[in-house]
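# Coordinate analysis (summary)
Listed below, chain by chain, are the residues.
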Amino acid sequence: MKLYETFPLSLTNSLSGKKEVFTPITPGFVGMYVCGPTVYNNVHLGNARTFLSFDIISRYLRFLGYKVRYVRNITDVGHLENDADEGEDKIGKKARLEQLEPMEIVKRYTEDFHSVMRQFNILPPSIEPSATGHIVEQIQITQKLIELGLAYETNGSVYFDVKKYNLSHHYGILSGRNIEDLMESGRDLDSQDEKREKIDFALWKKASPSHIMRWPSPWGDGFPGWHIECTVMSTKYLGETFDIHGGGMDLKFPHHECEIAQATGANGKSPVHYWIHSNMLTVNGQKMSKSLGNSFLPGELFSGNHAMLEKGFTPMTVRFFMLQSHYSSTLDFSNEALLAAEKGYKKLSTSLSTIKAIAYSAESSQPDEEINNTLKSLIASCYQNMSDDFNTAKTLAVLFEMSSRINDIKSGNLPLSKIDPTVFDSFKKAYIGFMEDALGLKEEVSHDDQLLDGTIKVLIELRKKARVDRNYPLSDKIRDDLKGIGVQLKDGKDGEITYSFE
Ligand code: AMP
Ligand code: ZN
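Cut-off values and rules
- Residues numbered from 1 in each chain as written.
- Chains lettered and ligands numbered in written order.
- Predicted model: local features only at pLDDT ≥ 70, side-chain atom pairs only at ≥ 80, totals over all residues.
- Heavy atoms only, no water.
- Donors = N, O, S within 2.8 Å, 3.2 Å for Na, K, Ca; no water.
- Helix = DSSP H or I, 4+ residues; strand = E, 2+ residues; numbered from the N terminus.
- Buried < 20%, exposed > 50% of the residue type's maximum accessible area, 1.4 Å probe, protein only.
- Pairing = 2+ DSSP bridges.
- Axes fitted to C-alpha atoms, helices over the stretch in contact; angles between N-to-C directions.
- Parallel < 35°, antiparallel > 145°, perpendicular 65-115°, else oblique.
- Left-handed = near helix turned anticlockwise from the far one by under 90°.
- Contact = heavy atoms within 4.5 Å.
- Nonpolar A, V, L, I, M, F, W, Y, C, P; charged D, E, K, R; others polar.
- Near = heavy atom within 4 Å.
- Polar contact = N/O pair within 3.5 Å; in protein donor to acceptor, adjacent residues only side chain to side chain.
- Areas by Shrake-Rupley, 256 points an atom, 1.4 Å probe, with all protein chains shown as cover.
- Expected span 1.5 Å × (residues − 1).
- Arc of directions from axis to C-beta.
- Domains from an automatic or database assignment.
- Buried area = accessible area lost by both parts, 1.4 Å probe.
- Salt bridge = Lys/Arg side-chain N within 4 Å of Asp/Glu carboxyl O.

### Regarding the coordination of the zinc ion (ligand 2)
- Protein-derived coordination of the zinc ion (ligand 2) comes from Cys-35 (SG), Cys-230 (SG) and His-255 (NE2), at a distance range of 2.0 to 2.2 Å.
- Mapped onto the polypeptide sequence, the residues donating to the zinc ion (ligand 2) form the spacing pattern C-x194-C-x24-H. Of this pair, Cys-230 sits in helix H8 (residues 226-238) while His-255 sits in helix H9 (residues 252-267); the two residues are 25 residues apart in sequence, bridging distant segments of the chain. Both residues of the pair, Cys-230 and His-255, count as buried.

Okay, structure coming up:
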């Protein structure tokens, strides 16, 4: 039996707003698409949270035994400064300001994005397609929508006809909106506008003479609208209907609503079975965003080099901090929370090193049924919590309990002889597996730890030298003073000196 059969997954589908039992289209296989970054800026910590949420989802699906094709795109054209199809292209603007080629901007910030993902141990997707690599397909689907009467051309630009689509479908199905309300809100069209209705959105935009990023099309030189790239790339690599589509909560409307309309209009079927939206990282209750001036770069957080920070925190501490809340809840950033996370993570990570080093050995084993049952139920709880809508917070709480048992084993309070060898083996595998594979929390030696280790080793060398010189008072002083601050030196048979913390 596969793990996904033993611990069936349920997840909150934004489309129904309910928790549903996950049933993939093809048994054992999951196709998942997540909207990637627009690469015109350094990735901030808020962006990282969203990609971390989907890293957890793809990791856990694989952990359960599913084969996963995870597609996450790079938006390198078409994302305009505002959602009403107005303003400059974000990448084009940056290129103009910095007097660079747009592709130089794309390269620089794609590399920044990848390096941040690596630091947080966020695994790369299976396919990472870019919008500019799929211009032909975007033109083709736009043509198809015109032929189907769901899009129209005005003055070299093409717009999706939302009212027409809404005659046979519900535009607003995902975000719980309806067309009448949408028609009443927002700015009214004026005589300059190319759109028939203000709710229509661009599939293709005519490039003005000064617009740098441009491609030839049946409607003249232009560039694709933002929403169409995701429809093209998701269905190209995952099929017209696929399992999971994700993104930050702020993409639900209009981006994902438009994706549903385009794909349903073109292919006659709803593109996605399960929509998952992750929630925002906030600072003092406000969404972290570059434009609000309350964002941190991950590098600033690691170094502590930021006015709001008391000190630096390691990538795994930050990862742990984020996993302490459910992906669907907002998470507020604070120094205090990170300081607490640092302590908590250290406990889990120390137990990870400890359990890795323990090999089962017991002279005569007399397994205690109650203890074995407790350990087995802790393992099952990890699966149950993660299979319950990827509840990382509750899973971490179980890992803390497991960590206490690991400490008991290490100290001898829980003798291995009381544990059945196969139970111990499953317990060890589960702790390591949930920490490293499912949650992506790896052992990490902090800079402070490295410094401490190096300093103690220098003192050990001085003590060795003092002994060779028969300077026993100095040798003893080094040993006793270290003991005074909780560092215990141990003299080995071969003259080697090791240390441990009391
Ligand atoms: P962008 O490059 O602006 O399109 O954003 C990339 C991703 O980061 C999108 O999925 C956004 O939803 C997400 N995002 C932006 N700000 C935050 C935030 N403060 N917290 C969590 N996710 C965010
Ligand atoms: Zn998208």
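Structure's up, so let's keep going.
### So, the pairing of strand E1 (residues 10-13)
- Both E1 and strand E2 (residues 18-21) contribute to a ladder of four bridges, which runs antiparallel. Across the sheet, the residue bridging to Thr-12 is Lys-19, located in E2.
- Linking E1 to E2, which pair antiparallel, is a turn of four residues; within it Gly-17 sits at a positive phi near 75°.

### What about the packing of helix H2 (residues 45-63) against helix H13 (residues 369-387)?
- The interhelical angle for the contact between H2 and H13, taken along N-to-C directions, is 130°, at an axis separation of 11 Å. Comparing their axes, H13 and H2 come out oblique. Considering only the axes of H2 and H13, their crossing is left-handed. On H13, the residues touching Ile-56, Tyr-60 and Phe-63 of H2 are Tyr-383, Met-386 and Ser-387.
- Its residues placed into classes, the contact of H2 with H13 shows five nonpolar, one polar and no charged.

### So, the site of ligand 1
- As a matter of local geometry, ligand 1 sits amid 15 residues, with Gly-46, Thr-50, Asp-250, Leu-281 and Met-288 nearest to it.
- Contact between ligand 1 and Thr-50: a nitrogen atom at 2.6 Å from a side-chain N or O atom of the residue.
- Contact distances for ligand 1 include 2.3 Å between an oxygen atom and a side-chain N or O atom of Asp-250.
- In isolation ligand 1 offers 490 Å² of accessible surface; the protein chains occlude 91% of this area.
- Among the elements that make up the shell around ligand 1, the one with the highest residue count is H2 (four residues).
- Residue composition of the shell around ligand 1, grouped by class: six nonpolar, seven polar and two charged.

### So, the sheet that holds strand E7 (residues 201-206)
- Read from one edge to the other, the open sheet built from four strands follows the order E5-E6-E7-E8, with strand pairing classed as antiparallel. In the strand order of this sheet, the two ends are held by strand E5 (151-154) and strand E8 (222-224), each with one partner. Here the strands of the sheet are splayed against their neighbours by 20° on average, with no regard to which way each runs.
- Alignment of E7 against E8, held across three bridges, turns out to be antiparallel. From the neighbouring strand, Lys-206 faces E8, where its bridge partner is Gly-222.
- Lying on the sheet, helix H5 (residues 135-147) is in contact with E5, strand E6 (157-160), E7 and E8; it crosses E7 at an angle near 120°.

### Describing helix H14 (residues 392-411)
- Helix length check: H14, at 20 residues, gives a terminal C-alpha distance of 28 Å against a target of 28 Å (1.5 Å per residue), a fit within 8%.
- Turning to H14, its buried residues are Thr-392, Thr-395, Leu-396, Val-398, Leu-399, Met-402, Ser-403, Ile-406 and Ile-409. For H14, the angular spread of the buried residues around the axis is 160°, confining them to a single face.
- Looking at the buried positions of H14, the neighbouring elements they touch are H2, helix H11 (315-323), helix H12 (335-357), H13 and helix H15 (421-438).
- Gly-412 occupies a position one or two residues after H14 and carries a positive phi of about 95°.

### Quick word on the environment of His-306
- Its location among the elements puts His-306 in the loop between helix H10 (298-303) and H11.
- In the structure, His-306 is positioned 82 residues away from Pro-224 in sequence and 38 Å away in space, judged by C-alpha atoms.
- Discounting chain neighbours no more than four positions away, the residues touching His-306 are Ser-295, Phe-296 and Glu-300.

### A few points about the packing of H13 against H15
- Contact pair H13 / H15: the axes reach a minimum separation of 10 Å and the direction vectors enclose 30°. It follows from the interaxial angle that H13 and H15 lie roughly parallel. Handedness of the H13/H15 crossing: left-handed. Contact with H13, carried on its side by Asn-372, Leu-375, Lys-376, Leu-378, Ile-379, Cys-382, Tyr-383 and Met-386, involves Val-423, Ser-426, Phe-427, Ala-430 and Phe-434 of H15 and no other residues of that element.
- The class makeup of the residues in the contact of H13 with H15 is ten nonpolar, two polar and one charged.

### Focus: the domain arrangement of the protein chain
- Each assigned domain of the protein chain is listed here: domain 1 (3-278), domain 2 (283-438) and domain 3 (447-501).
- Look at where the C-alpha atoms of domain 1 and domain 2 centre, and you get two points 34 Å apart.
- Opposite the 34 residues of domain 1 that make contact, domain 2 presents 38 residues.
- Carbon and sulfur atoms make up 67% of the surface buried where domain 1 meets domain 2, a total of about 3,100 Å² over both sides.
- It is Leu-45, Arg-49 and Phe-63 that lose the most area in domain 1 upon contact with domain 2, and together they represent 23% of the buried surface on that side.
- Along the contact surface separating domain 1 from domain 2 lie three salt bridges.
- A salt bridge links Lys-19 to Asp-388; the nearest nitrogen and oxygen atoms lie 2.6 Å apart.
- When contributions to the side of domain 1 that touches domain 2 are tallied by element, the ones reaching two or more residues are E1, H2, helix H4 (102-119) and strand E10 (272-278).

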